[in-house]
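# Understanding the architecture of this molecule
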Amino acid sequence: MEFGVIDILVLSQALWRLNIWNQMSQFPPPRPKTAPHNNNTNNSYAISALDMEISDEEWERLQKALDWPGPDDEITQLSLSTSPVHSTFSIVGLKNSYKVGEDISVIITARDHNKNLKRYGGDFFKAKLFNSKLKASVYGEVVDHRNGTYSVALVLPWEGQAQVFVRLEHSSEVVKILKKYRESSFPRSHYNGHFEGPGPNETRISEVVQCNLKWGGDGSWRKGNCCCEYKNLKTGTVWQCERPKKLSCDKLVHHSRGGLESPLKAFENQLFTKKLTNVAIPGDKININVLPNTAGNGTMERCRSGLTTPVPAGFYLKDKEKATNHKKKFNSSQMGNCLKNKIVYLLGDSTTRQWFEYLERNVPGLKRMDLHTPRTGGPLMAVELKNNIIVHWKPHGVPLRFIKMLITDLHYIANEIDEIAGGPHAVVVFTIFAHLVFHPITFYIHEVAKIRRSVVALLSRAPQTAVIIKSGNTAGVKVHLVTSNPIVFLNNFLSCFLLIIFMVNKKIWGILIYLDVWQMTSCHYLRENIHPGPVIIANEVKMFLSYVCPI
């Protein structure tokens, strides 16, 4: 498990060892089509491969790297889907005791509701080792053998007792449904546009209309010629709002999230019930005895870019994350010293806002400035004058499921990076995941490609700038709708897309830093949450700081 930051060149090897590539199924995104040259139609917005800045070679690599097995056809009987009741796990060759650093092997056997062995793979299982009393846990990599069986290698990193925990996150049948709706034109997530302007007799009038992303021919929320369109000149992204009845298109002032809508049919709904999704499976839930290992566990290195990453690379013990191959310890005063004379740009969503809030609470003297913006919507800024520290947090552009906020405060990450001068004093952190799971993968690739272009330009003009990519969190508690259920699966799916897109650009190999919090948030002994608790946030931020200021 990767708790730390690793050089993007090493990342491909780490992903392979983590079996992300082995567990991702045949989800090839549709190749973007060249926009038709028809001046008489304005009903669709097609993106060409050239516009997306993704080469044919990159596209092929994306498809191969994100292969995921599964059923050839959608099932029509619930009994044929993977059952969390009849699927089991067992520990291979269980011994009376082990030593710290040894491994155990776990076999997962998937069965349907008729207790029959599944003949194909694609189930999304998660596995970990934990001890609630010790507040300890470590992630296990799951290998899909594509025949209904899965294996897990779990390292025993702490002294005491440990217990295996395996959960069926999504059946292979559910994953197939997620694939189908991921690229569909069904508008699963709705948004509101708030228009304001002058009315009769010196009054102010306002109107609220529906808005959404305009993307592709078949995957587009579109209203023909009825609507206002807002195209970002740098990224090419088009946002579309229904035309207000009384106000003109230039009177769009605020943006807010709308409702969620499920495309699921009656039978598909049954596959998404709480009894079948995110459920622990039975197995050898016994205490494993782990004895001290007098031989030791190797030496520790300074945190640095390009550090070779073992699997797992870290674990929790007594609520503190322990890296297996490098040191990282930060108290409040050390955090302040680390950030001295630094400008930190935290870009993305509410998960990077949690980092801002943690720094605000824990860096001595760091105070939030009143920018007259929503406390949770931002943008936000905090300063510490003695050590000349400035910390920004800004949400990324639409689509964004946030509270009502000024549309002028929502900027695409690529555009924000283009406005940063950079230098040895600049630290840029960005994440782009959870809010994009409701939209086609091709749009996500387009956005990441634009960010990549901006990062390359930033590092070209200011190569000493620290640029850190933060992965997506797991989701945890889910709403019973396909609109929210995919967050767990697709955050991981999008993480892989982002990494591959950045890896293929040799100009930034060995410069970028990647902070993998996907497993950090999914292996903790507490219930998963897309907004993890203070313990996890503290460990995330300290890991981030250990690469800004190696100890």
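Our subject is the structure listed above.
Bear in mind that the values here come from a model prediction, so they are computed numbers and not experimental data. Every chain's residues receive numbers from 1 upward, in the order its sequence appears when written. Residue-level local features of this predicted model are given only where pLDDT is at least 70; pairs of side-chain atoms are given and counted only at 80 or more, and the full residue set underlies all totals for whole chains, interfaces and linings. Computation of side-chain values: all heavy atoms of the structure, hydrogens and water removed.

A run of H or I in DSSP becomes a helix once it reaches four residues, and a run of E becomes a strand once it reaches two; helices and strands are each numbered from the N terminus. Along its length, the chain carries 13 helices and 25 strands. The buried label goes to any residue with under 20% of its type's maximum accessible area, the exposed label to any with over 50%, and the partly exposed label to all in between, with areas taken from a 1.4 Å probe on protein chains only. Burial analysis of the chain (551 residues in total) assigns 58% to the buried set. The contact rule is simple, with two residues in contact once any of their heavy atoms fall within 4.5 Å. Sequence separation of 24 or more characterises 77% of the internal contacts of the chain that already satisfy a separation of 6 or more. Carbon and sulfur atoms form 51% of the exposed surface of the chain, whose accessible area is close to 22700 Å². Using a 1.4 Å probe, accessible areas were evaluated by the Shrake-Rupley method; residue-level cover was limited to the displayed protein chains.

This brings us to helix α13 (residues 534-548). Multiplying 1.5 Å by the helix residue count minus one yields the expected span of that helix. Taking 1.5 Å as the rise per residue, α13 with 15 residues should run 21 Å; its terminal C-alpha atoms sit 21 Å apart, in good agreement. Buried residues dominate α13, accounting for 13 of its 15 residues.

Before going further, it helps to examine the packing of aromatic side chains. Whether two aromatic rings pair depends on their centres lying within 6.5 Å, for rings of Phe, Tyr and Trp, where Trp uses its six-membered ring; planes under 30 degrees apart make the pair stacked, over 60 edge-to-face, and the rest tilted. Evaluation of the coordinates by the stated rule reveals 8 aromatic pairs. An angle of 85° between the planes, with centres 5.9 Å apart, marks the rings of W68 and F124 as edge-to-face. With W68 in the loop between α4 (56-65) and β2 (88-92) and F124 in strand β5 (residues 124-131), the pair connects residues that are 56 residues apart, well separated along the chain. Classification of W68 by relative accessible area gives buried; the value is 3%. Its relative accessible area of 3% is what places F124 among the buried residues. When the ring of F125 is compared with that of Y150, the centres are 4.9 Å apart and the planes differ by 70°; the resulting orientation is edge-to-face. One end of the pair, F125, is in strand β5; the other, Y150, is in strand β7 (residues 149-155), with 25 residues separating them in the sequence. Here the two residues F125 and Y150 agree in accessibility, since each one is buried. Cation over ring: R353 sits above W393, and NZ or CZ is 5.9 Å from the ring centre. Note on geometry: a ring has a charge over it if NZ (lysine) or CZ (arginine) is within 6 Å of the ring centre and within 35 degrees of the ring normal.

Quick look at the state of the cysteines now. Note on terminology: disulfide denotes any pair of cysteine sulfur atoms within 2.5 Å. The tally for this structure, following the rule as stated, stands at 3 disulfides. Each disulfide pairs two cysteine sulfurs, and for C211 the partner residue is C241, the sulfurs being separated by 2.0 Å. Across the disulfide from C211 to C241, rotation about the S-S bond amounts to roughly 105°, and the bridge is consequently right-handed. You can see C211 sitting in strand β10 (residues 204-214) and its partner C241 sitting in strand β12 (residues 238-242), a full 30 residues away along the chain. Taken as a pair, C211 and C241 share a single burial class, namely buried. Across the disulfide, C338 is cross-linked to C549 (sulfur-sulfur distance 2.1 Å). Between C338 and C549 the sulfur-sulfur dihedral comes to about 90°; the bridge is accordingly right-handed. A residue pair is termed long-range when its members are at least 10 positions apart, and C338 in helix α7 (residues 332-338) and C549 in the segment after α13 qualify at 211 residues.

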